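Report on the structure
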Amino acid sequence: MGYTLDFQPVIAGLPDLLKGCAGTLLLAFSGMILSLAIGIGGVAVRGSSVRTARWAVIAFVELIRNTPFLVQIYFVFFALPLVGIRLPPTPTAIIALGLNGGAYAIEIIRGGVQSIHRGQIEAGLALGLPRRDIFRFVVLRPALRAVYPSLTGQFIMLTLTTSIASAIAAYELTSVAKLIENESFRSFEVYGTITLLYLLMSWGIMQAFGLVGRRYFDYPVK
Amino acid sequence: MSQASSSEALITMSGVDKWYGDFHALKGVDLEVRRGEKIVLCGPSGSGKSTLIRCINHLETIQKGRIVVDGIALDDSARVVDAVRREVGMVFQSFNLFPHMTVLENCTLAPMRVRKVSPADAKATARKYLEKVRIGEQANKYPAQLSGGQQQRVAIARALCMEPKAMLFDEPTSALDPEMVKEVLDTMIGLAREGMTMVCVTHEMGFARQVADRVVFMADGEILEAAEPETFFKNPQNPRARTFLGEILAHH
(Lines give C-alpha, C1' and ligand atoms only; values in the text may rest on other atoms or scores of the structure.)
Protein backbone atom coordinates (compact mmCIF):
# COMPACT_ATOMS: atom_id res chain seq x y z
CA MET A 1 0.00 0.00 0.00
CA GLY A 2 1.80 3.08 -1.28
CA TYR A 3 1.82 6.46 0.39
CA THR A 4 0.85 9.29 -1.92
CA LEU A 5 2.47 12.58 -1.11
CA ASP A 6 0.05 15.47 -0.87
CA PHE A 7 1.57 18.86 -0.21
CA GLN A 8 -1.73 20.69 -0.73
CA PRO A 9 -2.34 21.28 3.02
CA VAL A 10 1.25 22.46 3.44
CA ILE A 11 0.98 24.90 0.55
CA ALA A 12 -2.33 26.19 1.87
CA GLY A 13 -0.76 26.58 5.29
CA LEU A 14 2.46 28.19 4.06
CA PRO A 15 1.58 31.74 5.20
CA ASP A 16 0.87 30.32 8.68
CA LEU A 17 4.10 28.33 8.62
CA LEU A 18 6.09 31.44 7.73
CA LYS A 19 4.40 33.33 10.56
CA GLY A 20 5.38 30.37 12.72
CA CYS A 21 8.96 30.88 11.60
CA ALA A 22 8.75 34.51 12.67
CA GLY A 23 7.44 33.31 16.05
CA THR A 24 10.33 30.88 16.35
CA LEU A 25 12.84 33.60 15.51
CA LEU A 26 11.24 35.93 18.05
CA LEU A 27 11.56 33.25 20.74
CA ALA A 28 15.10 32.46 19.65
CA PHE A 29 16.44 36.01 19.57
CA SER A 30 14.69 37.06 22.78
CA GLY A 31 15.97 33.89 24.42
CA MET A 32 19.49 34.59 23.19
CA ILE A 33 19.52 38.13 24.54
CA LEU A 34 18.23 36.94 27.89
CA SER A 35 20.74 34.06 27.89
CA LEU A 36 23.63 36.36 27.12
CA ALA A 37 22.59 38.74 29.89
CA ILE A 38 22.26 35.87 32.36
CA GLY A 39 25.51 34.36 31.10
CA ILE A 40 27.57 37.53 31.50
CA GLY A 41 25.87 38.56 34.73
CA GLY A 42 26.19 35.03 36.12
CA VAL A 43 29.91 34.90 35.38
CA ALA A 44 30.40 38.29 36.99
CA VAL A 45 28.55 37.17 40.12
CA ARG A 46 30.30 33.82 40.16
CA GLY A 47 33.64 35.65 40.25
CA SER A 48 32.53 38.02 43.01
CA SER A 49 33.67 37.90 46.59
CA VAL A 50 30.19 37.26 47.98
CA ARG A 51 30.12 33.58 48.78
CA THR A 52 26.35 33.11 48.88
CA ALA A 53 25.95 34.82 45.51
CA ARG A 54 28.64 32.56 44.04
CA TRP A 55 26.88 29.49 45.37
CA ALA A 56 23.52 30.68 44.07
CA VAL A 57 24.98 30.85 40.56
CA ILE A 58 26.53 27.40 40.85
CA ALA A 59 23.25 25.95 42.15
CA PHE A 60 21.32 27.59 39.32
CA VAL A 61 23.67 26.19 36.68
CA GLU A 62 23.52 22.69 38.14
CA LEU A 63 19.74 22.79 38.45
CA ILE A 64 19.25 23.82 34.84
CA ARG A 65 21.87 21.57 33.33
CA ASN A 66 20.62 18.48 35.11
CA THR A 67 16.91 18.73 34.40
CA PRO A 68 15.00 18.42 31.10
CA PHE A 69 13.96 21.58 29.33
CA LEU A 70 10.43 20.32 28.91
CA VAL A 71 10.11 20.07 32.68
CA GLN A 72 11.67 23.51 33.09
CA ILE A 73 9.23 25.15 30.72
CA TYR A 74 6.26 23.48 32.43
CA PHE A 75 7.67 24.58 35.76
CA VAL A 76 7.91 28.22 34.69
CA PHE A 77 4.47 27.99 33.08
CA PHE A 78 2.75 26.61 36.14
CA ALA A 79 4.94 28.05 38.91
CA LEU A 80 4.83 31.72 37.93
CA PRO A 81 1.04 31.99 38.39
CA LEU A 82 1.50 30.65 41.94
CA VAL A 83 3.53 33.75 42.80
CA GLY A 84 0.97 35.94 41.07
CA ILE A 85 2.68 36.38 37.71
CA ARG A 86 0.41 35.45 34.85
CA LEU A 87 2.07 35.56 31.48
CA PRO A 88 0.92 34.34 28.08
CA PRO A 89 2.74 31.28 26.68
CA THR A 90 5.17 33.20 24.47
CA PRO A 91 6.75 35.39 27.18
CA THR A 92 6.79 32.31 29.41
CA ALA A 93 8.68 30.40 26.75
CA ILE A 94 11.16 33.27 26.37
CA ILE A 95 11.84 33.27 30.10
CA ALA A 96 12.33 29.50 30.15
CA LEU A 97 14.61 29.60 27.09
CA GLY A 98 16.57 32.47 28.60
CA LEU A 99 17.06 30.67 31.90
CA ASN A 100 18.06 27.46 30.19
CA GLY A 101 20.38 29.08 27.66
CA GLY A 102 21.73 31.35 30.38
CA ALA A 103 22.92 28.43 32.50
CA TYR A 104 24.85 26.99 29.56
CA ALA A 105 26.12 30.44 28.61
CA ILE A 106 27.50 30.90 32.14
CA GLU A 107 29.59 27.76 31.78
CA ILE A 108 30.79 28.69 28.29
CA ILE A 109 31.66 32.31 29.12
CA ARG A 110 33.33 31.24 32.35
CA GLY A 111 35.65 29.10 30.27
CA GLY A 112 36.47 32.15 28.17
CA VAL A 113 37.17 34.26 31.24
CA GLN A 114 39.49 31.58 32.59
CA SER A 115 41.41 31.60 29.34
CA ILE A 116 42.37 35.25 29.83
CA HIS A 117 45.97 35.64 30.86
CA ARG A 118 46.49 36.68 34.48
CA GLY A 119 48.74 39.51 33.27
CA GLN A 120 45.74 41.25 31.70
CA ILE A 121 43.99 41.43 35.04
CA GLU A 122 47.17 42.52 36.80
CA ALA A 123 47.64 45.30 34.27
CA GLY A 124 44.13 46.49 35.05
CA LEU A 125 44.73 46.28 38.79
CA ALA A 126 48.04 48.14 38.50
CA LEU A 127 46.24 50.95 36.67
CA GLY A 128 43.88 51.25 39.64
CA LEU A 129 40.81 49.94 37.80
CA PRO A 130 38.14 48.51 40.10
CA ARG A 131 37.41 44.80 39.62
CA ARG A 132 34.07 45.35 37.91
CA ASP A 133 35.74 47.64 35.36
CA ILE A 134 38.42 45.04 34.74
CA PHE A 135 35.72 42.47 34.02
CA ARG A 136 33.73 44.81 31.83
CA PHE A 137 36.48 46.53 29.85
CA VAL A 138 39.51 44.25 30.00
CA VAL A 139 38.29 40.67 30.30
CA LEU A 140 34.86 40.41 28.72
CA ARG A 141 35.50 41.05 25.05
CA PRO A 142 38.56 38.79 24.68
CA ALA A 143 36.72 36.15 26.75
CA LEU A 144 33.67 36.26 24.49
CA ARG A 145 35.92 36.14 21.46
CA ALA A 146 37.62 33.04 22.80
CA VAL A 147 34.34 31.15 23.21
CA TYR A 148 32.39 32.67 20.34
CA PRO A 149 32.17 29.43 18.32
CA SER A 150 30.83 27.52 21.34
CA LEU A 151 28.43 30.32 22.10
CA THR A 152 27.19 30.26 18.51
CA GLY A 153 26.62 26.52 18.78
CA GLN A 154 24.72 26.98 22.02
CA PHE A 155 22.49 29.61 20.47
CA ILE A 156 21.73 27.42 17.45
CA MET A 157 20.76 24.78 19.99
CA LEU A 158 18.54 27.33 21.72
CA THR A 159 16.87 28.13 18.40
CA LEU A 160 16.03 24.46 17.87
CA THR A 161 14.89 24.07 21.47
CA THR A 162 12.17 26.67 20.83
CA SER A 163 10.13 23.83 19.30
CA ILE A 164 9.60 22.47 22.81
CA ALA A 165 7.67 25.66 23.57
CA SER A 166 4.88 24.07 21.52
CA ALA A 167 4.19 22.08 24.69
CA ILE A 168 2.73 25.19 26.29
CA ALA A 169 1.26 26.35 22.96
CA ALA A 170 3.61 29.28 22.52
CA TYR A 171 3.41 30.70 19.05
CA GLU A 172 6.19 29.17 17.01
CA LEU A 173 6.75 26.91 14.02
CA THR A 174 6.19 23.51 15.61
CA SER A 175 2.83 24.57 17.14
CA VAL A 176 1.68 25.84 13.77
CA ALA A 177 2.80 22.61 12.13
CA LYS A 178 0.89 20.56 14.71
CA LEU A 179 -2.29 22.43 13.92
CA ILE A 180 -1.93 21.83 10.19
CA GLU A 181 -1.11 18.19 10.80
CA ASN A 182 -4.11 17.73 13.08
CA GLU A 183 -6.45 19.01 10.39
CA SER A 184 -4.85 17.29 7.40
CA PHE A 185 -3.15 14.17 8.82
CA ARG A 186 -0.31 14.94 6.40
CA SER A 187 2.35 14.29 9.05
CA PHE A 188 5.25 13.47 6.77
CA GLU A 189 4.70 16.46 4.50
CA VAL A 190 4.23 18.87 7.37
CA TYR A 191 7.19 17.76 9.45
CA GLY A 192 9.36 17.34 6.36
CA THR A 193 8.64 20.93 5.46
CA ILE A 194 9.37 22.36 8.88
CA THR A 195 12.55 20.32 9.09
CA LEU A 196 13.70 22.24 6.05
CA LEU A 197 12.53 25.52 7.54
CA TYR A 198 14.44 24.88 10.79
CA LEU A 199 17.51 24.02 8.76
CA LEU A 200 17.23 27.31 6.86
CA MET A 201 16.77 29.30 10.06
CA SER A 202 19.76 27.65 11.73
CA TRP A 203 21.88 28.34 8.70
CA GLY A 204 20.75 31.97 8.61
CA ILE A 205 21.50 32.45 12.30
CA MET A 206 24.92 30.89 11.87
CA GLN A 207 25.66 33.37 9.07
CA ALA A 208 24.37 36.25 11.21
CA PHE A 209 26.62 35.19 14.09
CA GLY A 210 29.58 35.00 11.74
CA LEU A 211 28.86 38.53 10.58
CA VAL A 212 28.46 39.93 14.10
CA GLY A 213 31.58 38.09 15.23
CA ARG A 214 33.66 39.49 12.42
CA ARG A 215 32.56 43.00 13.32
CA TYR A 216 32.73 42.85 17.09
CA PHE A 217 35.84 40.72 17.41
CA ASP A 218 37.72 42.15 14.51
CA TYR A 219 40.97 43.02 16.20
CA PRO A 220 44.31 41.51 15.33
CA VAL A 221 45.95 39.04 17.67
CA LYS A 222 49.37 37.50 17.45
CA MET B 1 54.51 69.06 51.01
CA SER B 2 57.61 70.37 52.68
CA GLN B 3 60.42 72.10 50.86
CA ALA B 4 62.60 69.08 51.50
CA SER B 5 60.33 67.03 49.24
CA SER B 6 63.18 65.80 47.08
CA SER B 7 64.77 63.93 49.94
CA GLU B 8 61.72 62.58 51.73
CA ALA B 9 60.60 59.00 51.33
CA LEU B 10 57.93 58.27 48.75
CA ILE B 11 57.92 54.52 49.34
CA THR B 12 58.89 52.96 52.64
CA MET B 13 58.97 49.22 53.30
CA SER B 14 59.81 48.17 56.81
CA GLY B 15 60.18 44.66 58.18
CA VAL B 16 58.29 43.15 55.25
CA ASP B 17 57.84 39.39 55.28
CA LYS B 18 56.05 37.34 52.69
CA TRP B 19 55.47 33.63 52.41
CA TYR B 20 54.06 31.51 49.60
CA GLY B 21 52.91 28.61 51.70
CA ASP B 22 56.11 27.38 53.33
CA PHE B 23 58.36 29.34 51.02
CA HIS B 24 59.73 32.48 52.67
CA ALA B 25 59.80 34.85 49.69
CA LEU B 26 60.68 38.11 51.45
CA LYS B 27 62.59 38.16 54.70
CA GLY B 28 62.45 41.31 56.78
CA VAL B 29 62.83 43.66 53.85
CA ASP B 30 63.54 47.32 54.64
CA LEU B 31 63.67 49.71 51.73
CA GLU B 32 63.19 53.42 51.42
CA VAL B 33 62.70 55.12 48.07
CA ARG B 34 63.01 58.90 48.15
CA ARG B 35 61.09 61.18 45.82
CA GLY B 36 62.88 61.30 42.48
CA GLU B 37 65.15 58.43 43.38
CA LYS B 38 65.92 55.69 40.87
CA ILE B 39 66.56 52.27 42.27
CA VAL B 40 67.68 49.23 40.36
CA LEU B 41 66.87 45.91 42.00
CA CYS B 42 69.03 43.02 40.93
CA GLY B 43 69.84 39.53 42.04
CA PRO B 44 69.63 35.92 40.93
CA SER B 45 66.29 34.58 39.72
CA GLY B 46 63.98 33.60 42.54
CA SER B 47 65.56 36.12 44.86
CA GLY B 48 62.30 37.99 45.43
CA LYS B 49 62.93 41.12 43.33
CA SER B 50 59.67 40.92 41.42
CA THR B 51 57.78 39.91 44.52
CA LEU B 52 59.15 42.96 46.30
CA ILE B 53 57.97 45.49 43.74
CA ARG B 54 54.65 43.71 43.33
CA CYS B 55 54.05 44.22 47.04
CA ILE B 56 54.36 47.98 46.60
CA ASN B 57 51.16 48.15 44.53
CA HIS B 58 49.54 45.24 46.35
CA LEU B 59 49.60 42.76 43.47
CA GLU B 60 51.07 40.59 46.22
CA THR B 61 49.97 40.73 49.83
CA ILE B 62 52.42 40.69 52.70
CA GLN B 63 52.10 38.81 55.95
CA LYS B 64 54.27 41.01 58.14
CA GLY B 65 55.65 44.52 58.09
CA ARG B 66 54.53 47.85 56.77
CA ILE B 67 54.49 49.54 53.38
CA VAL B 68 53.80 53.26 53.08
CA VAL B 69 53.36 54.86 49.67
CA ASP B 70 53.07 58.64 49.42
CA GLY B 71 51.91 58.82 53.01
CA ILE B 72 49.32 56.06 52.63
CA ALA B 73 49.89 52.97 54.77
CA LEU B 74 48.91 49.96 52.68
CA ASP B 75 46.39 47.54 54.10
CA ASP B 76 44.01 45.10 52.42
CA SER B 77 41.07 47.48 52.06
CA ALA B 78 40.06 48.17 48.48
CA ARG B 79 39.92 51.90 49.13
CA VAL B 80 43.52 52.12 50.30
CA VAL B 81 44.80 49.72 47.66
CA ASP B 82 43.08 51.69 44.89
CA ALA B 83 44.50 54.94 46.26
CA VAL B 84 48.03 53.53 46.13
CA ARG B 85 47.58 52.03 42.67
CA ARG B 86 46.44 55.37 41.30
CA GLU B 87 49.79 56.87 42.27
CA VAL B 88 52.07 54.02 41.25
CA GLY B 89 52.48 52.95 37.64
CA MET B 90 53.75 49.52 36.67
CA VAL B 91 55.38 48.09 33.58
CA PHE B 92 55.45 44.32 33.16
CA GLN B 93 57.83 41.96 31.47
CA SER B 94 55.10 40.73 29.13
CA PHE B 95 53.69 44.24 28.35
CA ASN B 96 50.11 43.18 29.12
CA LEU B 97 48.53 45.62 26.73
CA PHE B 98 44.82 45.04 26.16
CA PRO B 99 44.65 43.30 22.76
CA HIS B 100 41.14 44.42 21.87
CA MET B 101 41.85 48.11 22.32
CA THR B 102 43.87 50.42 20.14
CA VAL B 103 47.04 51.95 21.54
CA LEU B 104 45.08 55.13 22.27
CA GLU B 105 42.26 53.25 23.99
CA ASN B 106 44.79 51.36 26.10
CA CYS B 107 46.07 54.73 27.30
CA THR B 108 42.74 56.43 27.94
CA LEU B 109 40.80 53.69 29.75
CA ALA B 110 42.20 54.08 33.25
CA PRO B 111 42.34 57.90 33.31
CA MET B 112 38.69 58.00 32.22
CA ARG B 113 37.45 55.27 34.55
CA VAL B 114 39.66 55.90 37.57
CA ARG B 115 40.51 59.60 37.44
CA LYS B 116 37.19 60.50 35.76
CA VAL B 117 39.02 62.52 33.13
CA SER B 118 36.90 63.57 30.13
CA PRO B 119 37.49 61.59 26.91
CA ALA B 120 38.97 64.66 25.18
CA ASP B 121 41.42 65.33 28.00
CA ALA B 122 42.31 61.65 28.28
CA LYS B 123 43.08 61.55 24.56
CA ALA B 124 45.19 64.69 24.77
CA THR B 125 47.19 63.28 27.67
CA ALA B 126 47.57 59.94 25.88
CA ARG B 127 48.88 61.63 22.74
CA LYS B 128 51.33 63.65 24.81
CA TYR B 129 52.82 60.55 26.41
CA LEU B 130 52.72 58.51 23.22
CA GLU B 131 54.75 61.29 21.58
CA LYS B 132 57.11 61.21 24.52
CA VAL B 133 57.78 57.50 24.06
CA ARG B 134 58.04 58.25 20.32
CA ILE B 135 55.13 56.16 19.18
CA GLY B 136 52.51 58.84 18.53
CA GLU B 137 51.96 57.76 14.94
CA GLN B 138 50.84 54.28 16.06
CA ALA B 139 47.98 55.53 18.23
CA ASN B 140 45.26 53.84 16.21
CA LYS B 141 46.94 50.49 15.81
CA TYR B 142 46.26 47.42 17.88
CA PRO B 143 48.98 45.96 20.13
CA ALA B 144 49.41 42.87 17.95
CA GLN B 145 50.40 45.14 15.06
CA LEU B 146 53.39 46.51 16.97
CA SER B 147 56.82 45.09 17.71
CA GLY B 148 57.71 44.06 21.24
CA GLY B 149 59.74 47.20 21.82
CA GLN B 150 56.89 49.38 20.59
CA GLN B 151 54.42 47.52 22.76
CA GLN B 152 56.56 48.03 25.83
CA ARG B 153 56.85 51.74 25.09
CA VAL B 154 53.06 51.91 24.80
CA ALA B 155 52.85 50.13 28.16
CA ILE B 156 55.10 52.81 29.64
CA ALA B 157 52.94 55.55 28.11
CA ARG B 158 49.79 53.85 29.41
CA ALA B 159 51.16 53.88 32.94
CA LEU B 160 52.29 57.51 32.60
CA CYS B 161 48.81 58.59 31.51
CA MET B 162 47.70 58.10 35.10
CA GLU B 163 50.30 60.73 36.06
CA PRO B 164 51.79 58.46 38.71
CA LYS B 165 54.21 59.61 41.37
CA ALA B 166 56.36 56.52 41.00
CA MET B 167 56.94 53.86 38.37
CA LEU B 168 57.69 50.19 38.96
CA PHE B 169 59.41 48.22 36.22
CA ASP B 170 59.34 44.44 36.44
CA GLU B 171 62.04 43.18 34.06
CA PRO B 172 60.78 45.43 31.26
CA THR B 173 63.31 44.28 28.68
CA SER B 174 63.54 40.58 29.48
CA ALA B 175 60.91 39.51 26.94
CA LEU B 176 62.32 41.64 24.14
CA ASP B 177 64.44 40.72 21.17
CA PRO B 178 67.93 42.12 21.71
CA GLU B 179 67.60 44.82 19.06
CA MET B 180 64.59 46.28 20.86
CA VAL B 181 66.07 46.51 24.31
CA LYS B 182 67.75 49.83 23.62
CA GLU B 183 64.61 51.71 22.55
CA VAL B 184 62.89 50.73 25.78
CA LEU B 185 65.90 51.53 27.95
CA ASP B 186 66.26 54.91 26.22
CA THR B 187 62.63 55.66 27.06
CA MET B 188 63.29 54.73 30.67
CA ILE B 189 66.44 56.86 30.77
CA GLY B 190 64.44 59.81 29.45
CA LEU B 191 61.88 59.28 32.17
CA ALA B 192 64.61 59.07 34.81
CA ARG B 193 66.13 62.35 33.61
CA GLU B 194 62.78 64.06 34.10
CA GLY B 195 62.88 63.14 37.75
CA MET B 196 60.42 60.24 37.91
CA THR B 197 60.77 58.06 40.99
CA MET B 198 61.59 54.61 39.66
CA VAL B 199 62.10 51.13 41.02
CA CYS B 200 63.38 48.82 38.30
CA VAL B 201 63.94 45.11 38.43
CA THR B 202 66.40 44.57 35.62
CA HIS B 203 69.58 42.82 34.63
CA GLU B 204 70.63 45.71 32.40
CA MET B 205 73.70 46.76 34.32
CA GLY B 206 74.52 49.48 31.78
CA PHE B 207 71.17 51.05 32.58
CA ALA B 208 71.87 50.71 36.29
CA ARG B 209 75.23 52.46 35.90
CA GLN B 210 73.69 55.25 33.89
CA VAL B 211 70.59 56.16 35.87
CA ALA B 212 70.44 54.40 39.23
CA ASP B 213 70.97 56.37 42.40
CA ARG B 214 71.24 53.08 44.22
CA VAL B 215 71.59 49.48 43.22
CA VAL B 216 69.89 47.07 45.59
CA PHE B 217 71.07 43.47 45.53
CA MET B 218 68.76 40.70 46.69
CA ALA B 219 69.18 36.99 47.19
CA ASP B 220 66.89 34.46 48.85
CA GLY B 221 64.33 37.09 49.75
CA GLU B 222 66.76 39.38 51.53
CA ILE B 223 68.37 42.67 50.65
CA LEU B 224 72.06 41.89 51.00
CA GLU B 225 73.56 45.07 49.69
CA ALA B 226 72.50 48.56 48.62
CA ALA B 227 74.98 51.03 47.23
CA GLU B 228 75.62 53.63 44.58
CA PRO B 229 76.26 51.97 41.24
CA GLU B 230 79.94 52.92 41.08
CA THR B 231 80.60 51.45 44.51
CA PHE B 232 78.45 48.41 43.88
CA PHE B 233 79.98 47.48 40.55
CA LYS B 234 83.60 48.26 41.48
CA ASN B 235 83.65 46.84 44.92
CA PRO B 236 80.68 44.74 45.97
CA GLN B 237 80.88 43.87 49.67
CA ASN B 238 78.66 40.83 49.82
CA PRO B 239 80.20 37.61 48.48
CA ARG B 240 76.94 36.61 46.75
CA ALA B 241 76.83 39.98 45.04
CA ARG B 242 80.38 39.42 43.85
CA THR B 243 79.47 36.02 42.43
CA PHE B 244 76.34 37.42 40.82
CA LEU B 245 78.20 40.31 39.19
CA GLY B 246 80.93 37.97 38.03
CA GLU B 247 78.33 35.81 36.29
CA ILE B 248 76.28 38.58 34.79
CA LEU B 249 79.17 40.79 33.64
CA ALA B 250 81.01 37.86 32.07
CA HIS B 251 78.46 38.05 29.26
CA HIS B 252 78.85 41.77 28.62
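Residues numbered from 1 in each chain as written. Chains lettered and ligands numbered in written order. Predicted model: local features only at pLDDT ≥ 70, side-chain atom pairs only at ≥ 80, totals over all residues. Heavy atoms only, no water.

The next subject is the overall build of chain B. Within chain B, the regular secondary structure consists of 9 helices and 10 strands. Taken against the 2.2 N^0.38 rule, which gives 18 Å for 252 residues, the C-alpha radius of gyration of chain B at 18 Å falls within 12% of a compact globule. On the principal axes, the C-alpha backbone points of chain B span a range of 55 × 40 × 40 Å. Here chain B, with 252 residues, has 56% of them falling under the buried criterion. Nonlocal contacts in chain B, meaning residues at least 24 apart in sequence, comprise 65% of its contacts between residues at least 6 apart. Between the centroid of the 31 positive side chains of chain B and the centroid of its 32 negative side chains there is a distance of 4 Å. (Helix = DSSP H or I, 4+ residues; strand = E, 2+ residues; numbered from the N terminus. Rg over C-alpha atoms; globule rule 2.2 N^0.38 Å. Buried < 20%, exposed > 50% of the residue type's maximum accessible area, 1.4 Å probe, protein only. Contact = heavy atoms within 4.5 Å. Lys, Arg positive; Asp, Glu negative; His and termini not counted. Charge placed at Lys NZ, Arg CZ, Asp CG, Glu CD.)

Counting residues in each nonpolar core, the largest one holds 51 residues, and the members touching the most others are B:Ile156, B:Met167 and B:Met198. Broken down by element, this core gets its largest block of residues, 8 residues, from helix 6 (residues 178-193) of chain B. Here B:Ile156 is in contact with B:Val91, B:Val133, B:Met167, B:Phe169, B:Val184, B:Thr187, B:Met188 and B:Leu191, once residues within four sequence places are set aside. Counting 47 residues, the second largest nonpolar core, distinct from the first, contains A:Leu129, B:Leu31, B:Leu52 and B:Leu74. (Core = buried A, V, L, I, M, F, W, Y, C linked by side-chain atoms within 4.5 Å.)

Let us now look at the interface of chain A and chain B. Taken together, the 21 residues of chain A in the interface contact 26 residues of chain B. When chain A packs against chain B, close to 2,100 Å² is buried across both sides, 62% of that on carbon and sulfur atoms. Three residues, A:Ala126, A:Leu127 and A:Pro220, lead the burial of chain A against chain B; their summed loss comes to 27% of the area buried on that side. Applying the counting criterion to the chain A and chain B interface returns 2 salt bridges. Note that A:Asp133 and B:Arg113 form a salt bridge whose closest N and O atoms lie 2.9 Å from each other. The interface formed by chain A and chain B contains 6 residue pairs in polar contact (both at pLDDT 80 or more). (Buried area = accessible area lost by both parts, 1.4 Å probe. Salt bridge = Lys/Arg side-chain N within 4 Å of Asp/Glu carboxyl O. Polar contact = N/O pair within 3.5 Å; in protein donor to acceptor, adjacent residues only side chain to side chain.)

This model, assessed by the stated rule, comprises 1 cavity of 30 Å³ or more. Put simply, the largest cavity is a space of about 80 Å³. The wall of the largest cavity is formed by 14 residues, among which A:Ala126, A:Leu127, B:Gly89, B:Met90 and B:Ala159 lie closest to the centre. Sorting the residues of the lining of the largest cavity by element identifies helix 6 (118-126) of chain A together with helix 2 (78-87), strand 6 (88-91) and helix 5 (148-160) of chain B as the ones contributing at least two each. Along the lines of polarity and charge, the residues of the lining of the largest cavity split into 10 nonpolar, 1 polar and 3 charged. (1 Å grid on protein atoms, 1.4 Å probe; cavity = no way out; pocket = protein on both sides within 12 Å on 5 of 7 lines; lining within 4 Å. Points joined across faces, edges and corners; volume = space filled by probe spheres on them. Nonpolar A, V, L, I, M, F, W, Y, C, P; charged D, E, K, R; others polar.)

Moving on: the side chain of B:Glu171. Counting through the fold element by element, B:Glu171 comes out in the loop between strand 7 (166-170) and helix 6. Of the polar contacts made by the side chain of B:Glu171, one reaches the side chain of B:Ser174; its length is 2.7 Å.

Residues and elements named next belong to chain B. One open sheet accounts for 4 strands, arranged 2-1-4-5; its pairing is antiparallel. Lying at the two open borders of the sheet, with one neighbouring strand each, are strand 2 (23-34) and strand 5 (72-73). Here strand 1 (residues 9-20) pairs with strand 4 (residues 64-69) via 5 bridges, running antiparallel. Paired with serine 14 across the bridge in strand 4 is arginine 66. On the sheet, helix 1 (residues 49-56) packs against strand 1, strand 2 and strand 4 and is oriented at approximately 120 degrees with respect to strand 1. (Pairing = 2+ DSSP bridges. Axes fitted to C-alpha atoms, helices over the stretch in contact; angles between N-to-C directions.)

Residues and elements named next belong to chain A. Tallied over the entire structure, the rule returns 10 aromatic pairs over all chains. Each ring, one from phenylalanine 77 and one from phenylalanine 78, has its centre 5.1 Å from the other, and the planes form 65 degrees; the classification is edge-to-face. Owing to a relative accessible area of 53%, phenylalanine 78 belongs among the exposed residues under this scheme. Seen from their ring centres, tyrosine 216 and phenylalanine 217 are 4.7 Å apart, and the 70 degrees between their planes marks the pair as edge-to-face. A residue is classified by how much of its surface remains accessible, and tyrosine 216, at 39% relative accessible area, is partly exposed. (Phe/Tyr/Trp six-rings, centres within 6.5 Å; stacked < 30°, edge-to-face > 60°.)

Moving on, we get to the pairing of strand 8 (residues 197-201) of chain B. Residue and element names in this part refer to chain B. Taken across its 5 residues, strand 8 has 5 buried, putting it largely inside the fold. Of the two faces of strand 8, the one carrying Thr197, Val199 and Val201 and the one carrying Met198 and Cys200 are both buried. As defined by bridge partners, strand 3 (residues 38-42) adjoins strand 8 across 4 bridges and the pair is classed as parallel. Each residue of the ladder has a partner; that of valine 40, found in strand 8, is cysteine 200. After leaving strand 7, the chain enters helix 6 and then returns to the sheet as strand 8, a path that is right-handed. (Right-handed = clockwise from strand over helix to strand, strands pointing away.)

Residue and element names in this part refer to chain B. Within chain B, residue pLDDT values average 94, and 96% of them lie at 70 or more. In this model, residues 1-5 is a region of pLDDT below 50 whose contacts with residues beyond four sequence positions or in other chains number 4 contacts. The ipTM value of the predicted complex is 0.94, and its pTM value is 0.91. (pLDDT = per-residue confidence, 0-100.)

By secondary structure assignment, the location of B:Arg54 is in helix 1. Take B:Arg54: its relative accessible area is 12%, and that puts it in the buried class. The spacing of B:Arg54 and B:Phe169 is 115 residues in sequence and 9.7 Å in space, taken between C-alpha atoms. If we ignore the near neighbours within four places in the chain, the residues touching B:Arg54 are A:Glu122, B:Leu59, B:Glu60, B:Met90, B:Phe92 and B:Asp170. At 3.0 Å, the side chain of B:Arg54 and the side chain of B:Glu60 are in polar contact.

With 31 residues, helix 7 (residues 131-161) of chain A extends only 36 Å from end C-alpha to end C-alpha; this falls clearly short of the ideal 45 Å at 1.5 Å per step. Most pronounced at A:Tyr148, the bend in helix 7 of chain A amounts to some 65 degrees, and the proline A:Pro149 follows within four residues. (Expected span 1.5 Å × (residues − 1). Bend = angle between axes of the 7 residues up to and from the residue.)

The subject of this paragraph is the layout of surface pockets. Residues and elements named next belong to chain A. Counted as a void, the largest pocket has a volume near 580 Å³. For the largest pocket, the lining is made up of 16 residues, of which Ala44, Gly47, Ser48, Arg131 and Phe135 are closest to its centre. Contributing elements (two or more residues each) for the lining of the largest pocket: helix 2 (14-46), helix 5 (89-114), helix 6 and helix 7. Partitioning the lining of the largest pocket into residue classes produces 7 nonpolar, 4 polar and 5 charged.

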